[in-house]
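Observations on chain architecture
Here are the chains, one letter per residue:
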Amino acid sequence: MTDISKDTETAALLEGLNEPQRRAVTSPGGPLLVLAGAGSGKTRVLTHRVAFLITAQGVRPHEILAITFTNKAASEMKERIETLVGPIARTMWVSTFHAACARILRREAPVLGYRQNFTIYDAGDQVRLIKKCLAELDFDVKRFPPKGVHAVISSAKNRLLDAEAFAEMVDSFFDDTVARTYELYQKKLFANNAMDFDDLLMRTVDLFHRFPERLDHYRHSFRHILVDEYQDTNHAQYSLVNMLGSEHRNVCVVGDDDQSIYSWRGADIRNILDFEKDYPEAEVIKLEQNYRSTQTILSAANHVITNNRDRKSKELWTALGQGNPVRIAELEDEHTEARFVAGEVSSLEHEEDFHHGDIAVFYRVNAQSRVLEDTFVRYGIPYRVVGGTRFYERAEIKDGLAYLLVIDNPADSVSFARIVNTPKRGIGTATVMALTRFADAEGLSLMEAAARAGEIADLRPAAVHALTAFSRQMTELAVTAATSPVAGTLEETLTGCGYIEALQSERTVEAEGRIENLMELVGVAEEYDRRAPQGSLSEFLQEISLYTDMDKLAEPSEAVTLMTLHNAKGLEFPVVFIIGAEEGVFPHSRSLEEQNLEEERRLCYVGMTRAMQRLYFTHASTRNLYGARSYNMASRFIAELPDELVKVEAPRSRARYGGSGGFAGADLGAGAHEGSGEVGQVVPEFFHEGDRVVHAVFGKGVVIGVEAGGTVAVRFDLDSSERKLMVEYAPLRKA
DNA sequence: TTACATCATTTTTTT
DNA sequence: AATGATGTAA
């Protein structure tokens, strides 16, 4: 490349960047902290910086390690860099911490005593194994809930405390129990040739401690390290960055302390607050110009977040203009709330230039999505739910993968236990217990023990037969796996083991859905086979165990997006609703007790700053959540919004369908409650014979009759059909 | 062993 | 409300 073309290329990289962005992109090396406010073009800076390093600094792509928070973010970044510098970018390491560690560990597993095809356990697998440990140690699962024990062990691992170190710090009876469980749990993981999510980080750090020459190798080869979302790193991740960065010290971290929302997962906000202490020579760049939201939204968000004490001062601004006020609506209950949102969605769609895909609804807990979904279905509003029960956590998917895991790694007793009697093949708990005893006594894995089931004294012939048959089948499948593509192995497994058949015989819609999900899994495998013709079952499983659904929902959609506030991180939408803004819901009751209010507030800040043009808060005076009715005050976050930026409106619940703009009454003032006399009263007078109306599903029509009980008859233009509709529930409004 | 019923418990966020 | 654990009958 000539100097001239190199210069033009560099110039192109800097085009359209503001001053601080440009400084961040071109900073030559050394520690660099970029405090990137929401919507400040952070991803752009990161990708352009990488491109700059490659084209202008002569850094070779494989010398760059870029860490992102999700797999989705990783593949996006890779793509964007590729468009800047070409296919050479593919040799870069762009991934999450967990994926990078898995890649290192797979290479280095033997020195740690693991085999390369070790299995990765997700949270569910971890809890199941912990349950087994508790049972084996005769601990009462009532007093020591597996989930709670898991949480403690996980947090210990995130702080890089192994069982021994943890045992030394024990200061309660509970922790003592955990310590003993931890020890056994870790032994079992090792025996299963398995690592859990937290191990991926911890074992890597361990590897570097015990084998300094391995560390030397990696820290020498990574000349530049970039970490996105640095505010959400935990101690183990922090240590990894410091270890790997200690030679070249070209550590560039990007983050926003105001968006740290994962402390419950071990994220330590001090990692970002203290970066300048860790690297005194660090250059610090603040990105405060926002390119996403209106000034009103930003000012409102700024007001809320300034109530937090522990933060680096930062004030977002924009050149995009004032925009509309933040709208706050108080509703009766969760149903009214959902109908309000649905009604607004319809108005935004019909009366303004927004599409369903422009709109997102955020809530604090997944359970809140149900009412919303029911309502959207009634209104005929297309929606998609992000998160919730995820594809890879569905029972049938885990089952299918468990088969593959056992075929690949017969030592994996957790997956073995999962499938040995799924579908039913007469191997019940008694048999499995006898098998386990035998395996332990003989020092075998469950799979090996099953092959020798005949030697187990207290097994009935039927059980022996079932076990040997199962073991033989698995062995045969392992042969298939060695020669077939992954998709073929999976199909062979699912049909050969009678899994599909068992589902088919259920003859239910649910079972049909499960079969479809499994076919989708086969599709995932096919895609892998295409992408990596030389790939192995091992590699496929490694890849998939770090894969979550978050990864593929990036695609633009024609549906309203429903998700939790946590999932909203990193996204943006023209219109955002934050629902359930009530004390106890958001902020969540648990965080009130645990004094985690600042984190809840950051969550609110994250949610608000996703909005580009319109932002709504809704709260309900009463709500049914988890089967109990509660009466909540409006969220303190609402109170923290300055009056001049908001428009507080309380719709007269049912009447508004007859009104024109969506809201019947305006400016009732903060905290104004609806007259309870109005609540529950249907107001059919709003519709009269001859009125032109619009229905969300059936379209335009005319009222041809008003009946008692809040029912109107409407003839629709589209097909001249006549329908009777409940004014209370029908998505109907005046045209 | 399995299928079914009842009982109890547990409700945040996820790589 | 929904899920999981436990108990009971076949």
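Placed above this text is the structure.
Here is a short report on the structure shown in this document.

Moving on: the protein's contact with DNA strand B. Near DNA strand B there are 25 residues, and of these His98, Arg364, Asn366, Thr431 and Asn567 occur at the shortest range. Near the protein, within 4 Å, the atoms of DNA strand B are sugar or phosphate in 55% of cases. Between a phosphate oxygen of DNA strand B and a side-chain N or O atom of Asn421, the distance comes to 3.1 Å. Separating a phosphate oxygen of DNA strand B from a side-chain N or O atom of Thr431 is a distance of 2.6 Å. Of the residues assigned to the surface near DNA strand B, the class counts are nine nonpolar, twelve polar and four charged.

Turning our eyes to something else, we now look at the pairing of strand 11 (residues 326-331). The element strand 11 is largely enclosed, with a buried count of six among its six residues. Every second residue of strand 11 is oriented toward a common face, with Val326, Ile328 and Glu330 on one face and Arg327, Ala329 and Leu331 on the other, all of them buried. Relative to strand 19 (residues 646-649), strand 11 runs parallel, the two being bridged by four bridges. Bridge pairing in strand 19 links Ala329 to Glu649. One ladder, built from five bridges, connects strand 11 with strand 16 (residues 611-620); its direction is parallel. Bridging across to strand 16, Ile328 finds its partner in Phe617.

Here we come to the sheet that holds strand 11. As summarised here, the arrangement of the seven strands in space is 13-14-12-15-16-11-19, forming an open sheet in which the pairing is parallel. Of all the strands in the sheet, just strand 13 (383-385) and strand 19 have a single pairing partner and so form its edges. Pairs of neighbouring strands in the sheet enclose a mean axial angle of 20°, with direction left out of account. Running at roughly 50° to strand 16, helix 15 (residues 295-305) makes contact with strand 11 and strand 16 of the sheet.

Inspection of every chain in the model, using the stated rule, returns three cavities of 30 Å³ or more. Taken as a whole, the second largest cavity holds about 100 Å³ of empty space. Mapped by element, the contributors of at least two residues to the lining of the second largest cavity are strand 2 (64-68), helix 5 (97-108) and helix 12 (235-245). Top element by residues in the lining of the second largest cavity is helix 5. It accounts for four residues. Among the residues forming the lining of the second largest cavity, the class breakdown is twelve nonpolar, one polar and no charged.

This brings us to the sheet that holds strand 2. Read across the open sheet, the six strands follow the order 3-2-6-7-1-8; overall the sheet is parallel. Looking at which strands have only one partner, the edges of the open sheet turn out to be strand 3 (93-96) and strand 8 (283-287). When strand polarity is set aside, the average angle formed by the axes of neighbouring strands in this sheet is 15°. Here four bridges tie strand 2 to strand 3, and the two strands are oriented parallel to one another.

Across its 15 residues, helix 3 (residues 42-56) extends 20 Å between first and last C-alpha, which sits within 8% of the 21 Å expected from 1.5 Å per residue. For helix 3, the tally of buried residues reaches twelve of 15 residues, placing the bulk of the element in the interior. Looking at helix 3, one finds that the buried residues are Lys42, Val45, Leu46, Thr47, His48, Arg49, Val50, Ala51, Phe52, Leu53, Ile54 and Thr55. Immediately beyond the C-terminal end of helix 3, within one or two residues, lies Gly58, with a positive phi of roughly 70°.

So, about the side chain of Thr564. Summarising the element assignment, Thr564 is placed in strand 14 (residues 560-564). Leave out the neighbours within four places in its chain, and Thr564 touches Tyr363, Arg364, Val365 and Asn366.

On to the environment of Arg44. Counting through the fold element by element, Arg44 comes out in helix 3. Sequence separation of Arg44 and Leu17 is 27 residues, and the distance between their C-alpha atoms is 8.9 Å. In contact with Arg44, other than residues within four places in its own chain, are Glu15, Gly16, Leu17 and Arg80.

Quick look at the pattern of salt bridges now. Enumeration over the complete set of coordinates arrives at 42 salt bridges. Between Glu108 and Arg214 there is a salt bridge, with the nearest N and O atoms lying 3.1 Å from each other. Of the two residues, Glu108 is situated in helix 5 and Arg214 in helix 11 (residues 212-221); the sequence distance between them amounts to 106 residues. Note that Asp268 and Arg270 form a salt bridge whose closest N and O atoms lie 2.7 Å from each other. Each of Lys157, Asp196, Asp199, Arg203, Asp206 and Arg210 takes part in a single network of salt bridges with overlapping partners.

We now examine the packing of helix 5 against helix 12. Axis separation between helix 5 and helix 12 bottoms out at 12 Å; the angle between their running directions is 60°. As summarised for this structure, helix 5 and helix 12 are arranged oblique, according to the angle between their axes. Two packed elements cross with a definite hand, and for helix 5 against helix 12 that hand is left-handed. Contacts between helix 5 and helix 12 involve Phe97, His98 and Cys101 from the former and Gln237, Leu240 and Val241 from the latter. Residues that form the contact of helix 5 with helix 12 fall into these classes: four nonpolar, two polar and no charged.

For any pair of aromatic rings, geometry is given as the distance between the ring centres together with the angle between the planes. Here the structure, examined in full by the defined rule, presents 21 aromatic pairs. Ring geometry for Phe208 versus Tyr218: centroids 5.8 Å apart, planes at 45°, classification tilted. In this pair, Phe208 is assigned in helix 10 (residues 197-210) and Tyr218 in helix 11, connecting sequence segments ten residues apart. Of the two residues examined, Phe208 and Tyr218, each falls in the buried class.

Attention shifts here to helix 9 (residues 173-191). Taking 1.5 Å of rise per residue, the 19 residues of helix 9 would be expected to cover 27 Å, and the 28 Å separating its terminal C-alpha atoms lies within 8% of that figure. In this fold, the buried residues of helix 9 make contact with strand 4 (119-121), helix 6 (123-136), helix 7 (146-158), helix 8 (163-169), strand 5 (194-196) and helix 10. In the stretch just after helix 9, Asn193 is the one whose phi turns positive, near 55°.

Turning our attention to the packing of helix 22 (residues 461-483) against helix 23 (residues 486-496). Packing of helix 22 against helix 23 leaves a shortest axis separation of 9 Å and a crossing angle of 160°. Classified by the angle their axes make, helix 22 and helix 23 are roughly antiparallel. By crossing handedness, the relation of helix 22 to helix 23 is classed as right-handed. For the pair helix 22 and helix 23, the contacting residues are Gln473, Leu477, Thr480 and Ala481 in the first and Thr489, Glu492, Thr493 and Gly496 in the second. Tallied by class, residues from the contact of helix 22 with helix 23 come to two nonpolar, five polar and one charged.

Scoring rules and cut-offs
Residues numbered from 1 in each chain as written. Chains lettered and ligands numbered in written order. Predicted model: local features only at pLDDT ≥ 70, side-chain atom pairs only at ≥ 80, totals over all residues. Heavy atoms only, no water. Near = heavy atom within 4 Å. Polar contact = N/O pair within 3.5 Å; in protein donor to acceptor, adjacent residues only side chain to side chain. Nonpolar A, V, L, I, M, F, W, Y, C, P; charged D, E, K, R; others polar. Buried < 20%, exposed > 50% of the residue type's maximum accessible area, 1.4 Å probe, protein only. Helix = DSSP H or I, 4+ residues; strand = E, 2+ residues; numbered from the N terminus. Pairing = 2+ DSSP bridges. Axes fitted to C-alpha atoms, helices over the stretch in contact; angles between N-to-C directions. Contact = heavy atoms within 4.5 Å. 1 Å grid on protein atoms, 1.4 Å probe; cavity = no way out; pocket = protein on both sides within 12 Å on 5 of 7 lines; lining within 4 Å. Points joined across faces, edges and corners; volume = space filled by probe spheres on them. Expected span 1.5 Å × (residues − 1). Salt bridge = Lys/Arg side-chain N within 4 Å of Asp/Glu carboxyl O. Parallel < 35°, antiparallel > 145°, perpendicular 65-115°, else oblique. Left-handed = near helix turned anticlockwise from the far one by under 90°. Phe/Tyr/Trp six-rings, centres within 6.5 Å; stacked < 30°, edge-to-face > 60°.

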